[in-house]
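Listed here are the chains, written in short residue letters.
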Amino acid sequence: MKRTLFLLLFFVLGATPALFSQTITKFSIPASAVTASTYDTANNAVPANAVDGNLSTRWAGQGDGAFITFDLGPSQTVSYVKIAWYQGNTRTENFEIRVSTDGLAFTTVWSGNSSGTTTNFETFDFADTPARYVRIVGHGNSSGNGWNSISELEVWGIVGSSGGGSTGTVPFTVEAQTVGYNSSYWSLVSDAAASGGTALKELVNSTGSAPAAGGLVYTFTLASPATVYLQIKAKAANTSSDSVWARLDSGSWSQFTFDSTNQFTWRNKSYSSVAAGTHTFELRCREANGLVDLVAVTLDNNTPPPVGTNNVAAPVFSPAGGTYSTAQNVTITSATSGATIRYTTNGATPTPTTGTIYSAPVNIAATTTLKAIAYQSGMTDSTVTTATYTIASPPPPQVAAPTFSPAAGTYSSAQNVTISTTTSGATIRYTTNGTAPTSSSGTIYTAPVAVSATTTLKAIAYAAGMTDSNVTSATYTITTNGLDPNAPPGTNFDLSHWKITLPINNAEEHSAAELTAGYEHPDWFFTDPDTGGMVFKAPNLGDTTGGSSYARSELREMLAPSGSAGAHANNWVTSTSSSSIKSGAGGVDGTMNATLTVDHVSTTGDSAKVGRVIVGQIHGPSTEVIRLYFHKRPSDTRGAIYFGHDHPSSGANTYVPILGDPNNLNPSNGILLGQTWSYEIKVVGHTLTVKVTPQGGTTTTVNYTIESGYDGLDLYFKAGVYNQNNTGTTDDYAQATFYSLTHVHP
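Note that the coordinates shown come from a computational prediction; the quantities given were computed from them, not determined experimentally.

Visitor: Before we move on, can you summarise the overall build of the protein with the specific residues and values?
Guide: If you tally the helices and strands in the protein, you get 3 helices and 53 strands. The C-alpha radius of gyration of the protein comes to 36 Å, more than 25% above the 27 Å expected for a compact globule of 746 residues. Structurally, the protein occupies a C-alpha span of about 120 × 65 × 40 Å along its principal axes. When the 746 residues of the protein are sorted by exposure, 51% land in the buried category. Here the contacts in the protein between residues at least 6 apart in sequence split such that 67% fall between residues at least 24 apart. Placing the 35 positive and 49 negative side-chain charges of the protein at their respective mean positions leaves the two points 8 Å apart.

Visitor: Residues and numbers for the packing of aromatic side chains, please.
Guide: Think of a pair of aromatic rings as described by two things: how far the centres are apart, and how the planes are tilted against each other in angle. Evaluation of the coordinates by the stated rule reveals 19 aromatic pairs. Relative to Phe124, the ring of Trp110 lies with its centre 4.8 Å away and its plane at 65°, an arrangement referred to as edge-to-face. Of this pair, Trp110 sits in strand β7 (residues 107–113) while Phe124 sits in strand β8 (residues 121–141); the two residues are 14 residues apart in sequence, bridging distant segments of the chain. Each member of the pair, Trp110 together with Phe124, is buried. Lying across the ring of Tyr86, Arg58 places its NZ or CZ 4.1 Å from the centre.

Visitor: Would you mind going over the nonpolar core in detail, with residue names and values included?
Guide: Leu628, Phe643, Trp677, Tyr679 and Leu688 are the most contacted members of the largest nonpolar core, which has 55 residues in total. Of the residues forming this core, the biggest block, 5 residues, is contributed by strand β53 (residues 733–744). Contact partners of Leu628, with chain neighbours within four places excluded, come to Val613, Ile614, Val615, Gly616, Ile641, Tyr642, Phe643, Ile658, Trp677, Tyr679, Ile681 and Val690. Core analysis: the second largest hydrophobic core is formed by 29 residues, Tyr181, Ile232, Leu248 and Cys285 among them.

Visitor: Quick one: what's the story with the confidence of the model for the protein, residue by residue and with numbers?
Guide: The share of residues in the protein with pLDDT of 70 or more is 92%, and the mean pLDDT across the chain is 87. Considering only residues more than four positions removed or in separate chains, one finds that residues 1–22, a stretch of pLDDT under 50, has 82 contacts. Counting contacts from residues 160–165, a segment whose pLDDT is below 50, to residues more than four positions away or on other chains yields 32 contacts.

Visitor: Residues and numbers for empty space enclosed by the protein, please.
Guide: With the rule as written, the count across this model stands at 3 cavities of 30 Å³ or more. In this structure, the second largest cavity spans a volume of roughly 50 Å³. Around the second largest cavity, the lining residues are Trp59, Ala66, Trp85, Glu93, Asn94, Phe95, Ile136, Val137, Gly138, His139, Asn148 and Ile150. Listed by contribution, the elements that provide at least two residues to the lining of the second largest cavity are β6 (93–100), β8 and β9 (147–158). Top contributing element to the lining of the second largest cavity by residue count: β8, with 4 residues.

Visitor: If you had to explain the side chain of Ser254 to someone new, which residues and values would you point to?
Guide: Along the polypeptide, Ser254 turns up in strand β17 (residues 254–258). If sequence neighbours within four positions are ignored, Ser254 has contacts with Val244, Trp245, Ala246, Lys269 and Tyr271.

Visitor: Give a detailed account of unusual backbone geometry, specifying residues and quantitative values.
Guide: Across the junction of Ser318 and Pro319, the peptide omega takes the value 0°, indicating a cis bond. As for its position among the elements, Pro319 is in the loop between β21 (316–318) and β22 (322–324). For the bond from Ser405 to Pro406, the omega torsion is 0°, close enough to zero to count as cis. With respect to the secondary-structure elements, Pro406 resides in the loop between β29 (403–405) and β30 (409–411). If you check the backbone angles, Asp249 has positive phi at about 50° while not being a glycine.

Visitor: Quick rundown of the sheet that holds β21? Include the residues and the values.
Guide: As summarised here, the arrangement of the 3 strands in space is β21-β23-β26, forming an open sheet in which the pairing is antiparallel. Looking at the sheet topology across the chains shown, the edges are occupied by β21 and β26 (362–364). Across the sheet, the mean angle separating the axes of adjacent strands is 30° when strand polarity is ignored. In the sheet, β21 pairs with strand β23 (residues 328–333) via 3 bridges, with the strands oriented antiparallel.

Visitor: Tell me about the pattern of salt bridges, and please be specific about residues and values.
Guide: Summed over the entire model, instances satisfying the criterion amount to 14 salt bridges. The residue Glu509 makes a salt bridge to Lys499 at a minimum N-O spacing of 3.0 Å. Taken as a pair, Glu509 in strand β38 (residues 509–510) and Lys499 in strand β37 (residues 498–501) lie far apart in primary sequence, 10 residues in all. Bridged by salt links that share partners, the residues Arg247, Glu282 and Arg284 form one connected network.

Visitor: Explain the environment of Asn301 to me, using residue names and the numbers behind them.
Guide: If you trace the backbone, Asn301 turns up in the loop between β20 (291–298) and β21. Among the residues examined, Asn301 registers a relative accessible area of 45% and is labelled partly exposed. Sequence separation of Asn301 and Thr454 is 153 residues, and the distance between their C-alpha atoms is 78 Å. Ignoring anything within four residues of it in the chain, the contact list for Asn301 reads Tyr229, Gln231 and Asn268.

Visitor: Explain the side chain of Thr527 residue by residue, including any values.
Guide: Relative to the helices and strands, Thr527 resides in strand β39 (residues 525–527). The exposure class assigned to Thr527 is buried, which follows from its relative accessible area of 10%. A distance of 2.6 Å separates a polar side-chain atom of Thr527 from the backbone oxygen of Ala487. Among all residues touching Thr527, those that are not within four sequence positions of it are Asp484, Pro485, Ala487, Pro488, Pro489, Asn492, Glu520, Gly532, Gly533 and Val535.

Visitor: Break down the environment of Gly533 for me, citing the residues and quoting the values.
Guide: Secondary-structure assignment places Gly533 in the loop between β39 and β40 (534–539). Looking at Gly533, the relative accessible area reads 0%, which means it is buried. In contact with Gly533, not counting residues within four places along its chain, are Leu483, Phe493, Phe526, Thr527, Asp528, Thr737, Phe738 and Tyr739.

Visitor: Tell me what's going on with the sheet that holds strand β24 (residues 340–344), and back it up with residues and numbers.
Guide: Spatial strand order, β22-β28-β27-β24-β25: 5 strands in an open sheet with mixed pairing. Of all the strands in the sheet, the pair left with one neighbour each is β22 and β25 (356–357). One ladder, built from 2 bridges, connects β24 with β25; its direction is antiparallel. Residue Tyr343 lies in a different strand from β25, and its bridge partner there is Thr356.

Visitor: Break down the pairing of strand β45 (residues 612–619) for me, citing the residues and quoting the values.
Guide: Where burial is concerned, most of β45 is hidden: 8 out of the 8 residues are buried. Of the pairings in the sheet, the one linking β45 to strand β46 (residues 624–631) comprises 7 bridges and is antiparallel in character. The residue of β46 that forms the bridge with Ile618 is Ile626. Here β45 folds back onto β46, and the loop between the two strands holds 4 residues. Bridge count between β45 and strand β52 (residues 716–723): 6 bridges; the pairing is antiparallel.

Calculation criteria
Residues numbered from 1 in each chain as written. Predicted model: local features only at pLDDT ≥ 70, side-chain atom pairs only at ≥ 80, totals over all residues. Heavy atoms only, no water. Helix = DSSP H or I, 4+ residues; strand = E, 2+ residues; numbered from the N terminus. Rg over C-alpha atoms; globule rule 2.2 N^0.38 Å. Buried < 20%, exposed > 50% of the residue type's maximum accessible area, 1.4 Å probe, protein only. Contact = heavy atoms within 4.5 Å. Lys, Arg positive; Asp, Glu negative; His and termini not counted. Charge placed at Lys NZ, Arg CZ, Asp CG, Glu CD. Phe/Tyr/Trp six-rings, centres within 6.5 Å; stacked < 30°, edge-to-face > 60°. Lys NZ or Arg CZ within 6 Å of the ring centre and 35° of its normal. Core = buried A, V, L, I, M, F, W, Y, C linked by side-chain atoms within 4.5 Å. pLDDT = per-residue confidence, 0-100. 1 Å grid on protein atoms, 1.4 Å probe; cavity = no way out; pocket = protein on both sides within 12 Å on 5 of 7 lines; lining within 4 Å. Points joined across faces, edges and corners; volume = space filled by probe spheres on them. Pairing = 2+ DSSP bridges. Axes fitted to C-alpha atoms, helices over the stretch in contact; angles between N-to-C directions. Salt bridge = Lys/Arg side-chain N within 4 Å of Asp/Glu carboxyl O. Polar contact = N/O pair within 3.5 Å; in protein donor to acceptor, adjacent residues only side chain to side chain.

Okay, here's the thing in structure tokens:
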């Protein structure tokens, strides 16, 4: 049976990308196109930082499920994403890549963990997919602090390829506006002389060469090698002379020029020895304002056939292919009246002579690929429609997600949190360290969970024969000792007998009067907006005080704050000093207590200095009774706590272990970053007592005898952050948050 060779299948904007090779490039994403569910205002870790081209800035959002979204403008074909993770060489990030065409429904295209080996870009590849929005959803990092932090992100794909193309078996003719076009390069306009009254208007004037993107794509199939003619019906703008760029199979570009008659005119170009198979023609703008009406692909240069003549409409399946939990009865139809449909379910391609003739809905009870073709005498066969139906067993019922009482929020006192699920007989497991519990990990819930410090609580419920519940997460912010997150440090803490030194402007200082009046610095000394804690931050490469090469954000005790720091009345002495020395001192013996978290330590620079910070001291004129260290390298899970002691008689220094020491880092009983702990430093005569207590843990006490050489020396407490790393990068730093700080001299 002879059949005419007219076939047309239209792809609408947003459909499968056209079948031709294009270069994958990086999309340009302006800062204004980046939004996030949350971000770290204290460190200016805003969404725009993820596309500013600077690896030293970052976006950071805390909490399981925090996300950042990138708007590509018009929908594009996205191929992969490159991400440079903040601290990516010391920890892994657990995350998902999701995409959407409308910003409402998102599909996960990649999930897993970063490598944990580099701060440079890592590539996360997935199948090419159309998308306008790319979203990164974070689930925390391996350090357990709950932060999701991206230094820089790039989205790569095929620019201007969001639209599809038109396809057919030659000869066929296409209305230009039926192609999925890129609105940055083309627009629809009304023109009475155009076929159907509408044409595509060129928007880009590119007189020297074709634009880099925005093509109209036409795919055609040849049964055998032949000379093929590309024919374009278009007209110039007004009375000027315009043209259109065109190319076959990504080959050389040619120009189709239209004269100044302001009439739609056919122009054609022949392409000889085109092989059998599938090929593509691509059209791009040449000069702005020209109009393209029709495009034809023929085997001669005669007048092209009318649009859509003698094409059997492709079969349509209902319901559409997809995943179903029960068997489906699939109806197959064609819009061409009287057409016959044949189908296959064995993977073979049906033809007008092969496959089963459709007469009733096709029952699909197992995973099947359904293919169908429609045909009718005197018309061109339809294209083959293909759809896969996945019949999956229905999942078992899911356990109801746990609920917490009281709910997440900010509280001024410790809370006992009850965890429950409405699924009878289910077991609940929970964590308080930021990791996600599973049915085999985490603590089994048996009684209310005591939360006495800011904590992220996560829980899962599970039962035999059922699907595990979703993980419920809630953050409880405990404002220790009634601290006000909106008040400056000098309001929450008694700083009337301290002054502070900052790592700026040649070690800038601020007096006790300034501190009590509300002084704070947004970068180096401020109130934590969640807990009300007093935050100290010092960079690796900051300004230092005289006699020191390390930067600090640190309080210095001032017992007579209106006098000079060197005044005898501004300092204290040991009770083993002489009576005359004691009588004029600001105090005799002393105790300092603090509760804090070490939030961050340095991660770059000299390996002997990385991760080392001093959080408490007793200082003398030129020697120190104690320097209390927190020390955690990037490879360590926990930080060691130990102190250094100077010997006035010899000038030597001794390191005394508490929880680990310089030669025993990463101790099993050490302190995590972000973990709350307390210390007490006390001197009575020649006895130095140091106590360290992890929150909810056991106190470790060390007694140490100091030399009589300290008798008569002026001493003073210091507290805050004294960064012991002066190497590495400019953005590296140490930070601690204090929740209580007291000093007494009985």
